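Now for the letters of each chain:
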Amino acid sequence: MRRRSLPVLLSVLAIPLAGCGSGNATFPGAQDTATVSATGADGAALACEEPPAAPADVRSFTQDDLPQPLTGDPATLTATLTTTCGDIVLELDAAAAPQTVASFAFLAEEGYWDDSPCHRLTTSGIFVLQCGDPSGTGRGNPGYGYGIENAPEAGVYPAGTLAMARTADPESNGGQFFVVYEETQLPTDGGGYSVFGRVTEGLDIVEAIAAAGAEGGAPDGPPAQPVSILSVEVDEG
């Protein structure tokens with residue numbers, strides 16, 4: 001069996017960017033969120049609940065479970081990430097990324113992301129919050145993989161972009177995804193990263209989490225303001 005690599009965002013930065021950051025692959029667990037000051041762009045304080053423990057048993061699927069790509073009719077779907085810091089509403093582009101959106105909807109219906117921590121925040125060079133690994137380690141995947149769709153030709157990912165994280169293997173898209181909170185340039189060699197939607201409500205939540213920084217002031221690591229996905233609901237119309 002081929003060993004799966006850690007899903008990462010490849011970067012032009014000199015510092016290594018891998019999963020949860022250098023030397024720390026384990027999410028630290030629930031914390032007292034009152035110790036972290038996080039405010040949105042409007043200066044309002046971010047109100048977060050204490051995150052639940054990461055699931056002890058993460059459901060795993062097989063390649064045969066990968067759903068068929070959507071037809072693109074309807075062209076877009078709506079998804080709601082209910083998080084410990086508020087709801088984040090997404091528009092999923094089923095026409096441009098039919099396989100990715102089909103997988104996202106499938107994993108949401110299966111409750112794959114319930115109580116899963118967002119394990120990685122990057123604040124230098126690339127500006128993303130990475131989620132989607134229920135274990136919170138940055139090493140988890142649903143047990144299947146698929147290829148790249150709808151990657152920006154120039155490698156520019158505007159604020160609000162929703163895209164898939166992957167390893168160097170272009171067929172390694174699975175369950176981990178990231179939200180861009182500030183325009184980011186990513187490498188295009190290797191195929192880029194699948195864009196499958198955008199944030200329509202709640203980007204201010206991600207911005208506030210980003211403003212609090214990563215643990216220990218690092219440029220890459222678990223967010224200092226912990227945030228977990230409690231559930232994901234996709235409205236398929």
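Up top is the structure.
The text that follows walks through the structure, step by step, so that each part is easy to find. (Residues numbered from 1 in each chain as written. Predicted model: local features only at pLDDT ≥ 70, side-chain atom pairs only at ≥ 80, totals over all residues. Heavy atoms only, no water.)

### Digging into the pairing of strand S7 (residues 161-164)
Every second residue of S7 is oriented toward a common face, with Thr161 and Ala163 on one face and Leu162 and Met164 on the other, all of them buried. Across 3 bridges, the pairing between S7 and strand S10 (residues 195-201) is antiparallel. Within the sheet, the bridge partner assigned to leucine 162 lies in S10 and is glycine 197. (Buried < 20%, exposed > 50% of the residue type's maximum accessible area, 1.4 Å probe, protein only. Helix = DSSP H or I, 4+ residues; strand = E, 2+ residues; numbered from the N terminus. Pairing = 2+ DSSP bridges.)

### Thoughts on the side chain of threonine 184
The topology assignment puts threonine 184 in strand S9 (residues 184-185). Overall, threonine 184 belongs to the buried group, its relative accessible area being 1%. A distance of 3.1 Å separates a polar side-chain atom of threonine 184 from the backbone nitrogen of phenylalanine 127. For threonine 184, the contacting residues outside a window of four places in its chain are Gly125, Ile126, Phe127, Gly155, Val156 and Tyr157. (Polar contact = N/O pair within 3.5 Å; in protein donor to acceptor, adjacent residues only side chain to side chain. Contact = heavy atoms within 4.5 Å.)

### Points about the side chain of aspartate 133
Position of aspartate 133 relative to the elements: it lies in the loop between strand S5 (126-131) and strand S6 (156-157). For the buried aspartate 133, which has no salt bridge, the nearest side chain bearing the opposite charge is arginine 139, at an N-O separation of 7.6 Å. Polar side-chain contacts of aspartate 133 include one of 2.9 Å to the side chain of serine 135. Polar side-chain contacts of aspartate 133 include one of 2.6 Å to the backbone nitrogen of glycine 138. (Lys, Arg positive; Asp, Glu negative; His and termini not counted. Salt bridge = Lys/Arg side-chain N within 4 Å of Asp/Glu carboxyl O.)

### Points about empty space enclosed by the protein
Taken as a whole and assessed by the stated rule, the structure comprises 2 cavities of 30 Å³ or more. When its volume is computed, the largest cavity comes out at roughly 70 Å³. Contributing to the lining of the largest cavity are Leu81, Thr83, Ile88, Cys118, Leu129, Cys131, Phe177, Val179, Val206, Ile209, Val227 and Ile229. Those elements that provide at least two residues to the lining of the largest cavity are strand S1 (76-83), S5, strand S8 (177-180) and helix H2 (203-211). By residue class, the composition of the lining of the largest cavity is 11 nonpolar, 1 polar and no charged. (1 Å grid on protein atoms, 1.4 Å probe; cavity = no way out; pocket = protein on both sides within 12 Å on 5 of 7 lines; lining within 4 Å. Points joined across faces, edges and corners; volume = space filled by probe spheres on them. Nonpolar A, V, L, I, M, F, W, Y, C, P; charged D, E, K, R; others polar.)

### Describing the pattern of salt bridges
Applying the stated criterion across every chain yields a total of 3 salt bridges. Of the charged contacts, one joins arginine 198 and glutamate 91 as a salt bridge, the two residues approaching to 3.1 Å between their closest N and O atoms. With a gap of 107 residues between them, arginine 198 in strand S10 and glutamate 91 in strand S2 (residues 86-93) connect regions that are remote in the sequence. Ionic pairing is found between aspartate 220 and arginine 120, a salt bridge with its closest N-O pair at 2.9 Å. One end of the pair, aspartate 220, is in strand S11 (residues 220-221); the other, arginine 120, is in strand S4 (residues 120-124), and 100 residues separate them in sequence.

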